[in-house]
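The residues making up each chain are set out below.
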Amino acid sequence: MTDALSPTLIPRIAPLYRLQWEEAQACHVLLYPEGMVKLGGSAGEIMKRIDGKTSVAALIEDLKSAFPGVPLDDDVKTFIETAYTQGWLRNVEPK
Amino acid sequence: MSNPSNPPLGKPLWLLAELTYRCPLQCPYCSNPLDFARYKDELDTDGWLRVLREARKMGAAQLGFSGGEPLVRQDLEILIAESRKLGYYSNLITSGVGMDESRIATFKDAGLDHIQVSFQASNEELNNYLGGTDSFQHKVEMARLVKKYDYPMVLNIVIHRQNIDQIEDIIKMTIDLNADYVELASTQYYGWSKLNEAHLLPTREQLARAEAIAHDYQVRMKGRMKILYVVPDYYETRPKACMNGWGSVFLTIAPDGSALPCHAARQLPGLSFPNVRDHSIEWIWNESPTFNHFRGDAWMKEPCRSCPEKTKDFGGCRCQAYMLTGDAANADPVCDKSPHHAELVAMVDRLTSTPLATAIADRPLVFRNTRNSKEHVT
Ligand code: SF4
Ligand code: SF4
């Protein structure tokens, strides 16, 4: 869990989960043993950028250039925090 | 087929592929039909490949390979590879018997996502007795290999009167084996377990103690291992939302190709289950009379029909309603609004006030095997 989300943090999808685009649902989903979470549009946009290489700060920058003019810092941080609490994300340990 | 009073048709998100009824184990609580010996004509590889493709097109995302023991099928590798290609999240639901390191590695390469291994108990003697085979050491070895090959691992233990008092040892075993999820699943009473319920239904005291222990470990293991504890619904006053509603998200294909809204539904009288050899999955799911039979709420009787909770539990389990009241369209008698609820309570009292030793002396446990199954083939 993260108390204050640090912008330098590099998240990756936890090994129990697989992210994929589901045509039939028209959304991104997280698949895990015997279950599935449907992600809303913005959650999907965030999650698909999480690749274990990109920091939270870089992720937000990338989203800003994809959605110019949208104030999204807080929403993205809140979602990433939730995703950590849900166990969907892990930190990439610094080498 | 749009009926404005019914919600839009859901997608068969969950496909359960029961590849075979063959199984080297003989669990006395097995959920396979009593007369499984009747169904010998299994779908071939091409038949299953077609099922996988058609169901995926209909929106299926979760795929369970189960049985029987799915490892009996030598074409499992082919089916796994195809499911990865199609984009399924594939779950192998196995006893571990029939597995070895090279198969675990091959499945990994083919793209299998997750393996669920079942244990019968945490001690070798009871495990082997309940499974009717010396399988314990092999299961332990397989569970370790599943983790070695970096799969998410669910351990499933069916909980009942004969192993519930060892629940703490069971949980400790799963921690020791590094499980990611643990399902402590109380026996559901249909099929073989209904036959053996006097040996299996735990007492209220046993249950309370086990629940406290499971809860304690849930808190302790938070963030490291998820523990799911499903209590036997015979002790509840509201039924479970069985299968999340009939024909709502679950599609089971039985070994012979019959399509079922729930793996236990085969026992329901008056329904004919469409077969994938004769029909497309699309027709089966959308149009077949059987999948529409208990869809929505038009079929309901009182007290469900006018009950505000009907959108939450869909009136419970059709099989339980049929077995305990004789009519599958009745409310599940677990519900205390059901006029049959008192009978259920009396039955539970009668079963659990009979000492286990007496129950065993009255009639020995019936193991799930072909010989015993043949007695149910009429
Ligand atoms: S419950 Fe036991 S007997 Fe039934 S299929 Fe599973 S392992 Fe085999
Ligand atoms: S009466 Fe029927 S719908 Fe209402 S709570 Fe009971 S089982 Fe559910």
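Residues numbered from 1 in each chain as written. Chains lettered and ligands numbered in written order. Predicted model: local features only at pLDDT ≥ 70, side-chain atom pairs only at ≥ 80, totals over all residues. Heavy atoms only, no water.

**Remarks on the site of ligand 1**
Residues and elements named next belong to chain B. Quick note on the threshold: Nearness of a residue to a molecule or strand requires only that one of the residue's heavy atoms be within 4 Å of it. Cavities and pockets were defined on a 1 Å grid built from protein atoms only: a cavity is a group of points that admits a 1.4 Å probe but offers it no way out, a pocket is an open group of points flanked by protein on both sides within 12 Å along at least five of seven lines, and a lining residue is one with an atom within 4 Å of any such point. Pocket or cavity membership: a molecule qualifies when more than half of its atoms sit within 2 Å of the grid points of that site. Under the scheme applied, nonpolar residues are Ala, Val, Leu, Ile, Met, Phe, Trp, Tyr, Cys and Pro; charged residues are Asp, Glu, Lys and Arg; polar residues are all the others, including Gly.
The environment of ligand 1 is formed by Cys-23, Leu-25, Gln-26, Cys-27, Cys-30, Asn-32, Gly-68 and Arg-368. Given that more than half its atoms are within 2 Å of the pocket grid, ligand 1 belongs to the largest pocket. For the shell around ligand 1, a count of residues per class yields 4 nonpolar, 3 polar and 1 charged.

**Description of the interface of chain B and chain A**
What counts is decided by this rule: Contact definition: two residues touch when any of their heavy atoms are within 4.5 Å. Accessible-area loss on putting two parts together, using a 1.4 Å probe and summing over both, is the definition of buried area adopted here. The salt bridge definition used is simple: a Lys or Arg side-chain nitrogen within 4 Å of an Asp or Glu carboxyl oxygen. A 3.5 Å cut-off defines polar contacts: any pair of N or O atoms within that distance qualifies, except that in protein one atom must be a possible hydrogen donor and the other a possible acceptor, and neighbouring residues in sequence count only when both atoms are side-chain atoms. Secondary structure is summarised from DSSP: a helix means a run of H or I of at least four residues, a strand means a run of E of at least two, and numbering begins at the N terminus for each.
Taken together, the contact pairs 21 residues of chain B with 14 residues of chain A. Here chain B packs against chain A, burying approximately 1,400 Å² in sum over the two surfaces, 54% of which is carbon and sulfur. Counting every contact that joins chain B to chain A gives 2 salt bridges. A:Glu22 serves as the salt-bridge partner of B:Arg56, at 2.7 Å between the closest nitrogen and oxygen. Taken together, chain B and chain A are joined by 8 residue pairs in polar contact (both at pLDDT 80 or more). Of all the secondary structure elements, the ones that give two or more residues to the side of chain B that touches chain A are strand S3 (89-94), strand S4 (114-119) and strand S6 (181-186) of chain B.

**Remarks on the site of ligand 2**
All names here are of chain B. The immediate surroundings of ligand 2 are formed by Arg-238, Pro-239, Pro-303, Cys-304, Cys-307, Glu-309, Lys-310, Asp-313, Gly-315, Cys-335 and Lys-337. When atom positions are compared with the pocket grids, ligand 2 is found to occupy the largest cavity. For the shell around ligand 2, the per-class residue count stands at 5 nonpolar, 1 polar and 5 charged.

**Brief notes about the layout of surface pockets**
Short version of the rule: Grid points are joined across faces, edges and corners, and a volume is the space filled by probe spheres set on the points.
Roughly 1,700 Å³ of volume is contained in the largest pocket. A:Glu34, B:Gln116, B:Asn156, B:Glu183 and B:His263 are the residues nearest the centre of the largest pocket, which is lined by 50 residues in total. Of all elements in the fold, only strand S1 (14-18), S3, S4, strand S5 (153-159), S6, strand S7 (226-230) and strand S8 (250-253) of chain B reach the threshold of two or more residues within the lining of the largest pocket. It is S6(B) that contributes the most residues to the lining of the largest pocket, 4 residues altogether.

**Notes on the packing of aromatic side chains**
All names here are of chain B. Rules: We call Phe, Tyr and Trp rings a pair once their centres come within 6.5 Å, taking the six-membered ring for Trp, and we label the pair stacked below 30 degrees between planes, edge-to-face above 60, and tilted otherwise. Each residue's exposure class comes from its accessible area (1.4 Å probe, protein chains only) as a fraction of the maximum for that residue type: buried when under 20%, exposed when over 50%, partly exposed otherwise. Lysine and arginine charges are scored as sitting over a ring when NZ or CZ, respectively, is within 6 Å of the ring centre and within 35 degrees of the ring normal.
Applying the stated criterion to the full structure yields 12 aromatic pairs over all chains. Ring geometry for Phe-36 and Trp-192: centres 6.2 Å apart, planes at 50°, overall tilted. Note that Phe-36 is positioned in the loop between S1 and helix H1 (45-57) and Trp-192 in helix H7 (residues 192-195), a separation of 156 residues in sequence. Here Phe-36 matches Trp-192 in class, with each residue buried. Each ring, one from Trp-246 and one from Phe-294, has its centre 4.9 Å from the other, and the planes form 85°; the classification is edge-to-face. Taken together, the residues Trp-246 in the loop between S7 and S8 and Phe-294 in the loop between helix H11 (289-293) and helix H12 (310-313) connect sequence positions 48 residues apart. Trp-246 gets classed as buried once you look at its relative accessible area, which sits at 10%. Look at Phe-294 and you get buried, because its relative accessible area is 7%. Taken together, the ring pairs connect Tyr-21, Phe-36, Tyr-39 and Trp-192 into an aromatic cluster. The ring of Phe-119 carries the charged tip of Lys-139 above its face, separated from the ring centre by 5.8 Å. The ring of Tyr-39 is capped by Arg-266, whose NZ or CZ atom sits 3.7 Å from the centre of that ring.

All we've got here are geometric facts, nothing functional implied.
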